[in-house]
Structure formats: structure tokens, C-alpha cells
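Topology and contacts: notes
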Amino acid sequence: MSSVPVAVVTGSNKGIGLAIVRALCKQFPGDVYLTSRDPARGQAAVAELQQEGLQPLFHQLDIDDLQSIRALRDFLKDKYGGLNVLVNNAGIAFKVNDTAPFAVQAEVTMKTNFFGTRNVCTELLPIMKPYGRVVNVSSMVSCKALERCSQQLQQKFRSDTITEDELVQLMNKFVEDAKKNIHEKEGWPNTAYGVSKIGVTVLSRIHARLLNEQRKGEHILLNACCPGWVRTDMAGPKATKSPEEGAETPVYLALLPSNVDAPHGQYVSEKTVHPW
Ligand code: NAP
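Just so you know, these numbers come straight off a predicted model, no measurement behind them.

Cut-offs used in this document
- Residues numbered from 1 in each chain as written.
- Predicted model: local features only at pLDDT ≥ 70, side-chain atom pairs only at ≥ 80, totals over all residues.
- Heavy atoms only, no water.
- Near = heavy atom within 4 Å.
- Polar contact = N/O pair within 3.5 Å; in protein donor to acceptor, adjacent residues only side chain to side chain.
- Areas by Shrake-Rupley, 256 points an atom, 1.4 Å probe, with all protein chains shown as cover.
- Helix = DSSP H or I, 4+ residues; strand = E, 2+ residues; numbered from the N terminus.
- Nonpolar A, V, L, I, M, F, W, Y, C, P; charged D, E, K, R; others polar.
- Core = buried A, V, L, I, M, F, W, Y, C linked by side-chain atoms within 4.5 Å.
- Buried < 20%, exposed > 50% of the residue type's maximum accessible area, 1.4 Å probe, protein only.
- Contact = heavy atoms within 4.5 Å.
- 1 Å grid on protein atoms, 1.4 Å probe; cavity = no way out; pocket = protein on both sides within 12 Å on 5 of 7 lines; lining within 4 Å.
- Points joined across faces, edges and corners; volume = space filled by probe spheres on them.

Overview of the site of the ligand
- If you check the shell around the ligand, you find 29 residues, and the closest are Arg37, Arg41, Asn89, Tyr193 and Thr232.
- Here an oxygen atom of the ligand sits 2.7 Å away from a polar atom, N or O, in the main chain of Asn89.
- Protein chains bury 94% of the 900 Å² of accessible surface belonging to the ligand in isolation.
- Secondary-structure elements contributing two or more residues to the shell around the ligand are helix H1 (15-27) and helix H8 (192-214).
- Grouping the amino acids of the shell around the ligand by side-chain chemistry returns 12 nonpolar, 10 polar and 7 charged.

Here it is in C-alpha cells:
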């Protein structure tokens, strides 16, 4: 078994994820795994970084597919005995002008952004090594969507005692309410992406709390973050940041030194903790 530290970035064949892998290849003292749901797209991205003199490794990972997640977990356990850095970056967003019904957008977006990310956490958090770093790429849109939730929902999402089961129920309720076209009446904002990212931010707060309660001595730090508005296929060419600039905050959180115990359980933007 290898004693080399290991980092994994989900959805890293392009965009911010690829830029995170590029930065980690330069700064992380260990093996860095570029992952992609599509092996061909992943290998093409690896070849691009190799052209730059970098040496990322590759593993397939589709966060919508539990078998794929478990295959990566088993590989990491066998080869490295665990994981040092996990960046949950993979995500999707429907374009503003997409004509798919809102109910479909709600279900599909929630499936990947919240449930896929959660499944990765369920399988990989147990194998995080001491002093591990977990970064969940959420969005400032989660904060804006939170402000547009009913007071009752806001209270639940800001609660310091909300459980993972309760959060899962709420995310499922949003999808069901969207299917019945009663989501606005039920206090939800009219944004599937925004609600899915509320899920990612709140999940991060819950998982950080559980680490405090159950694995305090392991010094693992887990945070949610926003990369900013970044020029990628998702956000388009008018966005203000390059992918490399968008990678800065996630990489900062992924490389928090072993002698710090904060930030942890926070929502971080521009390397700064913001109130939730
Ligand atoms: P992007 O260029 O569209 O890249 C998204 C990446 O996620 C792609 O590699 C995509 O793979 C992958 N992905 C999607 N579904 C997946 C799945 N089921 N399993 C594995 N990988 C999957 O978007 P981006 O702008 O870099 O976004 C990266 C993250 O930043 C997302 O979580 C996004 O919500 C967040 N974010 C972006 C911005 C922004 O301004 N761009 C702002 C705030 C937050 P394929 O190539 O196979 O589709």
C-alpha cells in the first residue's frame, strides 16, 4: 500500500475542476486524481495537463452512479489506505433559456448536485485520513436562494441541529412540490440550482458538525465554498473569473495546513468565511 498522500477532484475533466487539479498538481505533495464520468473526456484532460509538464492520475467517477463511487472508494482504500483531500466539484446547471419543465429541472439538478454529492460523501468521508481536507463546491446562489425561502425554511436550513435525514427530506420535498407546481406556495424560491446548492451548503455544515462530534481527534476540516463567477461551459464567456481564479478558494481550502483548525463547517468565498 502506498503511503503517498492522495487528492481526488470530482468532475474535473473541464472547467473549475480541471483548474483545481492543475493547481493541486503544482502544490499538493502527493498523487492527484483527475476524475470524469466519461473516461475519454477524462483522459483527454489528463493529456492536456501532461502537455503542461504535470502528472495527474485518472480514475473514472460518475457521481450519479453508486457503483462508480464505490469502485473509486475501494481503489483508494486498497492503494492508499484512504484519502487525504476530497474536492466535491462535479455539478450541473440548466441554461436559463432551457425549455425543460421546471419539475424536470428540479429532479435532474437535485439528483447530481445534492444527492450525487451526498453519495460521494457517504462513501468517501469514512475513509478520510487524519488531517484530511474536504471541499464542497457550492455557490453564492445558495445564499441568494436561502434569502428567498420562507422564514420557516430559512430557519430549518440555518439550524445548528438539522440532521442529514431532515435535509434529505426537505430536498425531496422540493422536487415533489415542483412536480405538483406548488413549490412557490410551499415557500421555495423558483431556482432548482439554487435549492440544490442550499442542500450542498447545509450538508457541509451537518458533516462538519458530525466530524466534531464523532472524529474530533482526526483534525479533518470540511467546508463549502463559492468559486466566484467563472468562465466555464456552465457560466459562459461573460463571467468575470478565469477557471484558475475560480480554483483559488477551493484549492486554499483543500490545502489548509495541518496546524490550523479553522475554517471548518463554513461557507467560504474569496478565501473569507461568510455568514450563512
Ligand atoms: P462545467 O464546466 O460545466 O463542469 C462541470 C463538471 O462536472 C464537468 O467535468 C462535468 O462532466 C462534471 N459532472 C457533471 N455531472 C457529473 C456527474 N454525474 N459525475 C461526474 N462528473 C459530473 O462547470 P463549472 O463551472 O466548472 O462548475 C464546477 C462547479 O462549480 C459546479 O459544482 C458548479 O455548480 C460550481 N459553480 C460554478 C460557478 C461558475 O460561475 N462557473 C459558480 C458557482 C459555482 P462532463 O464534462 O461529463 O459533463
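Still more to cover.
Examining the nonpolar core
- Membership of the largest hydrophobic core comes to 29 residues, with the highest contact counts inside it found for Ile20, Leu24, Leu34 and Val87.
- Elements supplying a minimum of two residues to this core: strand S1 (6-9), H1, strand S2 (31-36), helix H2 (39-51), strand S4 (83-88), strand S5 (128-137), strand S6 (221-226) and helix H9 (243-254).
- When residues in this core are grouped by element, the largest group, 7 residues, is from H1.
- The contact partners of Val87, leaving out residues within four places of it in the chain, are Val8, Val9, Thr10, Ile20, Val135, Val137 and Ala254.
- Counting residues in hydrophobic clusters, the runner-up holds 28 residues, among them Ala145, Cys149, Leu153 and Trp276.

Examining unusual backbone geometry
- Cis rather than trans, the peptide bond between Ala262 and Pro263 has omega equal to -5°.
- Positionally, Pro263 belongs in the loop between H9 and strand S7 (267-269).
- Within the chain, Glu270 stands out as a residue other than glycine whose phi angle is a positive 50°.
- In this structure Glu270 comes out as partly exposed when scored by relative accessible area, which is 47%.

What about empty space enclosed by the protein?
- The final tally for this structure, using the stated rule, is 1 cavity of 30 Å³ or more.
- For the largest cavity, the calculated volume is near 40 Å³.
- Around the largest cavity sit Asn88, Ala90, Gly91, Asn113, Thr117, Val137, Lys197 and Val200, which together line it.
- For the lining of the largest cavity, the secondary-structure elements that each account for two or more residues are helix H4 (102-124) and H8.
- Residue composition of the lining of the largest cavity, by class: 3 nonpolar, 4 polar and 1 charged.

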